[in-house]
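As a plain string of letters, each chain reads:
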Amino acid sequence: MNYMPGTASLIQDIDKKHLVLLRDGRTLIGYLRSIDQFANLVLHQTVERIHVGKKYGDIPRGIFVVRGENVVLLGEIDLEKESDTLLQQVSIEEILEEQRVEQQAKQESERLKVQALKERGLCVPRADTLDEY
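All values reported here derive from a predicted model rather than from experimental measurement.

**Student:** What is the right way to look at unusual backbone geometry in this model?
**Tutor:** In most cases, non-glycine residues show a negative phi, while peptide bonds are predominantly trans. Phi at Asp15 takes a positive value of approximately 70 degrees, unusual for a residue other than glycine. Within the secondary structure, Asp15 is located in the segment before strand S1 (17–22). A positive phi angle, near 55 degrees, is found at Gln45, a position not held by glycine. Looking at where Gln45 falls in the secondary structure, it is placed in strand S3 (residues 41–52).

Encoded structure:
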């Protein structure tokens with residue numbers, strides 16, 4: 001096996017199906033068509049997969065260009081094992097509704113936590129005031 005430094009090692013993965021986890025938490029699945037020295041990716045036949053509990057939904061996105069600095073994880077999908085999943089595929093509308101409900105529950109939980117801490121005299125900085133880096 002020949003070692004290739006950096007993103008050059010991904011040349012052998014061109015035209016294979018990959019899962020890409022982005023910094024903002026989104027999951028993309030598509031065929032890797034191109035990559036450059038900055039790890040910028042071009043995905044073809046891309047879908048955005050949303051997971052909620054044991055359900056998932058795929059939103060078709062087409063051709064997707066991903067800036068390398070936003071990639072957290074990149075992995076090849078084994079096409080033989082892809083269909084062997086314990087998750088249930090549901091419609092786009094259903095998964096988006098479940099995602100909305102889950103986000104509301106998280107926000108309410110966070111609000112109650114902050115309220116409980118305030119009652120004890122503690123102050124929690126808001127997430128949007130923290131430095132992302």
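**Student:** Is there a simple way to explain the side chain of Arg49 in this structure?
**Tutor:** Checked against the element boundaries, Arg49 lands in strand S3. At 2.7 Å, the side chain of Arg49 and the side chain of Asp58 are in polar contact.

**Student:** Before we go on, may I ask you to explain the pattern of salt bridges in this structure?
**Tutor:** For side chains of opposite charge, pairing can occur when their charged atoms come near one another. Per the counting criterion, the structure on display carries ten salt bridges. Its salt-bridge partner being Glu69, residue Arg67 comes within 3.2 Å of it at the nearest N-O pair. Residue Arg67 is classed as exposed on the basis of its relative accessible area of 53%. A salt bridge links Glu97 to Arg100, with the shortest nitrogen-to-oxygen separation between them at 2.4 Å. Highlighted residues: Glu97 and Arg100, both in helix H1 (residues 92–119), separated by three residues, approximately one helical turn. Residue class for Arg100 comes out partly exposed when judged on its relative accessible area of 38%. A single salt-bridge network, built from bridges that share partners, covers Lys55, Glu94 and Glu98.

**Student:** Hey, could you run me through the side chain of Thr27 in this one?
**Tutor:** Tracing the sequence through the fold places Thr27 in strand S2 (residues 27–35). Excluding anything up to four places from it in sequence, Thr27 contacts Leu19, Val20, Leu21, Val47, Glu48 and Arg49.

**Student:** Any chance you could explain the nonpolar core here in plain terms?
**Tutor:** Proteins that are soluble and globular tend to have nonpolar side chains buried together. One finds Leu10, Val20, Leu22, Leu28, Leu32, Ile35, Leu41, Leu43, Phe64 and Val66 forming the largest nonpolar core, which totals ten residues. Where this core is concerned, the elements lending two or more residues are S1, S2, S3 and strand S4 (55–66). If you tally residues by element for this core, the top one is S2, at three residues. Listed in part, the five residues of the second largest apolar core include Val52, Ile59, Val90 and Ile95.

**Student:** Could you clarify how one ought to interpret the sheet that holds strand S5 (residues 71–76) in this entry?
**Tutor:** Note on sheets: strands pair through backbone hydrogen bonds, and any given pair is parallel or antiparallel. A sheet is described by the order of its strands in space; here six strands give the open sequence S5-S1-S2-S3-S4-S6, paired in mixed fashion. Lying at the two open borders of the sheet, with one neighbouring strand each, are S5 and strand S6 (88–89). Pairing geometry for S2 and S3, over seven bridges, is antiparallel. Note on S3: the bridge partner recorded for Ile35 is Leu41. Sitting on the sheet, H1 is in contact with S3 and S4, with an inclination near 100 degrees to S4.

**Student:** What is the right way to look at the environment of Phe38 in this model?
**Tutor:** Among the structural elements, Phe38 can be located in the loop between S2 and S3. Using a relative accessible area of 58% as the deciding quantity, one classes Phe38 as exposed.

Cut-offs and rules
- Residues numbered from 1 in each chain as written.
- Predicted model: local features only at pLDDT ≥ 70, side-chain atom pairs only at ≥ 80, totals over all residues.
- Heavy atoms only, no water.
- Helix = DSSP H or I, 4+ residues; strand = E, 2+ residues; numbered from the N terminus.
- Polar contact = N/O pair within 3.5 Å; in protein donor to acceptor, adjacent residues only side chain to side chain.
- Salt bridge = Lys/Arg side-chain N within 4 Å of Asp/Glu carboxyl O.
- Buried < 20%, exposed > 50% of the residue type's maximum accessible area, 1.4 Å probe, protein only.
- Contact = heavy atoms within 4.5 Å.
- Core = buried A, V, L, I, M, F, W, Y, C linked by side-chain atoms within 4.5 Å.
- Pairing = 2+ DSSP bridges.
- Axes fitted to C-alpha atoms, helices over the stretch in contact; angles between N-to-C directions.

By themselves, these figures tell us nothing about what the structure is for.
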